[in-house]
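# Notes for the structure review
The lines below spell out each chain.
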Amino acid sequence: MQNAKTIKNSNVKIKNSFWKEKQELVRKEVIPYQRKALEDGVGGAEPSRCMENFKKAAKAKEQRNRRIDTPVYPTDKWHYTDDNSAPGAFKGWVFQDSDLYKWIEAASYSLQNRPDKELEKAVDNAIELIGKAAENDGYCDTLYTINNPSARFENLRDFHELYCFGHLAEAACAHFNVTGKRTLLDIAARFADLICEVFGENGKAGYGGHPIAEEGMLKLYEATGRKAYLDTARLLINRRGTRPYYFDIERGESTPENRTKYEYNQAHLPVREQKEAVGHAVRAVYLYTAMADLARIDEDEKLFDSCKALFDDITKRKMYITGGIGSTKDGEAFKYAYDLPNATAYAESCAAVGLIFFARRMMQADFNSKYFNAAERSLYNCVLAGMAEDGKSFFYTNPLEAEPKTLVLDGRRSHIKPVRQKWFDCACCPPNIARLISDLSEYCFTESDNTVFINMYESCTADCRLAKIDIDSDYLNSGRVIIKIKPKKPAKIAFRIPEWCDNFEFSVKNPFIKDGYAYFEIDGAQTIEANFNPRIKIMKCNSRVRENTGKVAVTRGPFVYCLEEKDNGSDLHLLRLAKSPKFSFDGENIFANGYRQEPDGEALYSEYKAPREKLVRLKFIPYYKWANRGENKMTVYIRL
Ligand SMILES: [Zn+2]
């Protein structure tokens, strides 16, 4: 296996481009809006109570420091509301603190992209408050600090202390890398030190029910060089799923040897025996991200074999064409292979974001284009659909078919919204989308000892260890990309050949092609032009996907397209694409000839006759743009 680094955000500047616009949207709309939401300042949205909790925790700590007794409240719920808990107690979900950490992470990356004094000050103020809420021994979780400090770490399976730590650590590393300030890093490191002590070699043999502490620890190790963090991350990963189950010990239960439990938490088997993606999809990809990272650092082939099997299981059998993962609302989880229902898809925005995290770590250890092919699919479709075009509302789940009326009346689809929501009481997705988009420059390049890999074709300038690179990209339209390379020493440049591309051209002939990357030897300043020639494609699902038999989807380049009622009239299920359609493309939308079946009369059942059809012109829009013109029907798949 290989060991390469991604080029840091600070060394890559994205120029005017598709993603620059999205980053600006996140900077101007999403980050200020989220800040307001955290402070409960958004009218009509469920109050977050997040900042309120940090203030309450700071006060409780201060009182205890002055030896004033503070009230004890229960710590037995996932969600604390005004109806089920006392006014002075913690409010919101058990993981409410993580919303602030994700906001700080997104804001930090955004400061890297564009300095902003006011935003920097707001981040500093938030960090100061976190510092006041963190306890004297480093512990930092407002639920327990407010409600009952003596109940810490008693329910790792359900009550997200290690999860919140993971987000704190990720935010701290982002903030430190961008600003050079150690304020949040020191807070995270003190909590990490406590976790190393409590869960170290001689401590409790636990691990979190919702992974991310593992990757948080690994990022802290990278930022500080402190080996204890690497050792603890390894322990958290290696203990997972071993017998007796820690989650059983926690609650005085036992599971017979011939049965498994805790698939939901990916704690059913030791990680090296996990080969199939199961359970809650966000938890899964967060864990797999850390496993891949650790496997690379430790050169642990066996662990990496599991990561490869898990990545393949997701992307070859359990991923929607939009890059969404986790097909069922039941446990927000992966189900079985090829079970990809369109109208009841869960496909949480966070899970698609997490798949991109996982893909990046995989690419650092295995130079194969399949990782960024999947990341690209998720990014341009499922993730981007998660945010409205004006950056003011968000999707939590991302179906491939929507009938607004049924969403209200059918409990099986109650998780799906016909239009994006301003905010959610469980607001994991919007800040996750914000932190990924703000940090996108970190995904563009991976660098090994002798090769710079170009993963994404954004117009940007990059200062890599081996070369300076300047990209002018028309990747999404004509597919043409011009890359100027100034090597600092003789090196190889490897271009990812996108999965959708079946006709690539390079201005320099005869590249060496391996695992989906085209390699060029560079020993002096050079310009290479690549053309990936995107074309409109009619795509089918594997025949094992029962739902889409006889149906197709339309794609161009990385974008998956969909049909909306606004453009194509109601009853989208009565439409079909002509067998050899004539396509046209206006730079954004795709048009094609098709047919609309005439609707039947009143009889629910009647003897079959060939349906009457009329010719229609179908209009397909990029999937990520759906539901930006109000509530209406949508479908990705159409009959052929
Ligand atoms: Zn989410």
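Here the structure is shown first, and the text comes after it.
Residues numbered from 1 in each chain as written. Predicted model: local features only at pLDDT ≥ 70, side-chain atom pairs only at ≥ 80, totals over all residues. Heavy atoms only, no water.

### What about the overall build of the protein chain?
Threshold: Labels follow the DSSP assignment, with helices taken as runs of H or I lasting at least four residues and strands as runs of E lasting at least two, numbered in each case from the N terminus. Atoms counted for the radius of gyration: C-alpha only. Globule rule: 2.2 Å times residue count to the power 0.38. The protein chains shown are the only cover counted for residues, whose accessible areas, like all others here, come from Shrake-Rupley with a 1.4 Å probe. The sign given to each residue is positive for Lys and Arg and negative for Asp and Glu; His and the chain ends receive no count. Where a charge lies is defined by one atom per residue type, namely NZ (Lys), CZ (Arg), CG (Asp) and CD (Glu).
A count of helices and strands for the protein chain gives 17 helices and 26 strands. Taking 640 residues into account, the globule formula puts the C-alpha radius of gyration at 26 Å, and the protein chain, at 25 Å, falls close to it. Structurally, the protein chain occupies a C-alpha span of about 80 × 70 × 55 Å along its principal axes. When the accessible surface of the protein chain is totalled, it reaches about 25,400 Å², and 48% of it is carbon and sulfur. Across the protein chain, 96 positive and 91 negative side-chain charges occur, with their mean positions spaced 3 Å apart.

### Concerning the coordination of the zinc ion
Note the cut-off: Here a donor is any nitrogen, oxygen or sulfur atom (N, O, S) within 2.8 Å of the metal, with 3.2 Å used for Na, K and Ca; water is not among the atoms considered, so some sites may look incomplete. Think of it this way: with four donors and all angles in the 85 to 135 degree range, the site is tetrahedral; with four or six donors, opposite ones beyond 155 degrees and the rest between 65 and 115, it is square planar or octahedral; otherwise it is irregular. Exposure categories follow from relative accessible area, calculated using a 1.4 Å probe and restricted to protein chains: below 20% of the type maximum is buried, above 50% is exposed, and the middle band is partly exposed.
At 2.0 to 2.3 Å from the zinc ion lie its protein donor atoms, namely Glu348 (OE), Cys350 (SG), Cys428 (SG) and Cys429 (SG). One can describe the donor arrangement at the zinc ion as tetrahedral, given that its 4 donor atoms subtend angles of 97 to 117° at the metal. Each donor residue of the zinc ion lies on the same chain, and together they follow the pattern E-x1-C-x77-C-C. With Glu348 in the loop between strand 6 (333-334) and helix 13 (349-365) and Cys429 in helix 16 (residues 429-438), this residue pair connects regions lying 81 residues apart in the sequence. Judged by relative accessible area, which is 4%, Glu348 ranks as buried.

### With respect to the sheet that holds strand 8 (residues 445-447)
Put simply, the rule is: Two strands make a pair as long as DSSP finds a minimum of two bridges between them.
Taken together, the 6 strands give an open sheet; going across it, the order is 1-8-9-13-16-15, and neighbouring strands pair in mixed fashion. The sheet is open, and its two edges are formed by strand 1 (5-6) and strand 15 (512-514), each paired on a single side. In this structure, strand 9 (residues 451-454) lies alongside strand 13 (residues 491-496), joined through 4 bridges in parallel fashion. Within the sheet, the bridge partner assigned to Val452 lies in strand 13 and is Ile493.

### Concerning the packing of helix 12 (residues 301-317) against helix 13
What counts, and what does not: Axis lines are fitted through C-alpha atoms, for helices just across the contact stretch, and the angle between N-to-C directions can take any value from 0 to 180 degrees. Note on angle classes: values under 35 degrees are labelled roughly parallel, values over 145 roughly antiparallel, values of 65 to 115 roughly perpendicular, and the remainder oblique. It is the rotation of the near helix from the far one that decides the hand of a crossing: anticlockwise by less than a right angle makes it left-handed, clockwise makes it right-handed. In what follows, residue pairs with any heavy atoms lying within 4.5 Å of each other are defined as contacts.
Axis separation between helix 12 and helix 13 bottoms out at 11 Å; the angle between their running directions is 135°. Between helix 12 and helix 13, the angle falls in the class oblique. Along this stretch, helix 12 crosses helix 13, giving a crossing that reads as left-handed. Residues Phe304, Cys307, Lys308, Leu310, Phe311 and Ile314 of helix 12 touch helix 13, and the partners they reach there are Leu355, Phe358, Ala359, Met362 and Ala365.

### Side note on the packing of helix 13 against helix 16
Rules: Under the scheme applied, nonpolar residues are Ala, Val, Leu, Ile, Met, Phe, Trp, Tyr, Cys and Pro; charged residues are Asp, Glu, Lys and Arg; polar residues are all the others, including Gly.
In contact at an axis separation of 9 Å, helix 13 and helix 16 are set at 30° when each is read in the N-to-C sense. Judged by the inter-axis angle, helix 13 sits roughly parallel to helix 16. When the axes of helix 13 and helix 16 are compared, the crossing they make is left-handed. Between helix 13 and helix 16, the residues in contact are Ser349, Cys350, Val353, Ile356 and Phe357 and Cys429, Asn432, Ile433, Arg435 and Leu436, respectively. Here the residues of the contact of helix 13 with helix 16 are counted per class, giving 7 nonpolar, 2 polar and 1 charged.

### Details of the sheet that holds strand 14 (residues 505-506)
Read across the sheet, 6 strands follow the order 2-10-11-12-17-14 without closing on themselves; strand pairing throughout is antiparallel. Edge positions in the sheet fall to strand 2 (12-14) and strand 14, since each of these pairs with one other strand and no more.

### Some details on the nonpolar core
Cut-off, in case you're wondering: We define the nonpolar core as a collection of buried residues of types Ala, Val, Leu, Ile, Met, Phe, Trp, Tyr and Cys that are connected through side-chain atoms lying within 4.5 Å of one another.
Ranked by size, the top nonpolar core spans 213 residues in total, and within it Trp103, Phe445, Ile469 and Phe495 carry the most contacts. In this structure, Phe495 is in contact with Ile454, Tyr457, Ile483, Phe506, Gly516, Tyr517, Ala518, Phe520, Ile528 and Ala530, ignoring residues within four places of it in sequence. Counting residues in hydrophobic clusters, the runner-up holds 6 residues, among them Ala37, Ala45, Trp423 and Ala427.

### Focus on helix 6 (residues 161-179)
Defined as follows: By this rule the span expected of a helix is its residue count minus one, scaled by 1.5 Å.
Relative to the 27 Å expected for 19 residues at 1.5 Å per residue, helix 6 spans 26 Å between its end C-alpha atoms, a close match to the ideal helical length. Directly beyond the C-terminal end of helix 6, a positive phi value near 75° is found at Gly180.

### Focus on the environment of Leu168
Within the secondary structure layout, Leu168 lies in helix 6. With relative accessibility at 0%, the residue Leu168 sits in the buried group. Sequence separation between Leu168 and Ile187 is 19 residues; the distance between their C-alpha atoms is 8.7 Å. Ignoring any residue separated from it by four or fewer positions in sequence, one finds Leu168 in contact with Tyr101, Cys140, Leu184, Ile187, Ala188 and Phe191.

### Here we look at the side chain of Asp248
Following the sequence through the fold, Asp248 ends up in helix 10 (residues 246-250). Apart from the residues within four sequence positions on either side, Asp248 is in contact with Glu253, Ser254, Thr255, Lys261 and Tyr262.

### Some thoughts on the environment of Gln597
Structurally, Gln597 can be placed in strand 23 (residues 590-597). By relative accessible area, which is 17% here, Gln597 ends up buried. Leave out the neighbours within four places in its chain, and Gln597 touches Leu574, Pro611, Arg612, Glu613 and Arg639.

Note that all results are geometric; they support no functional claim without further evidence.
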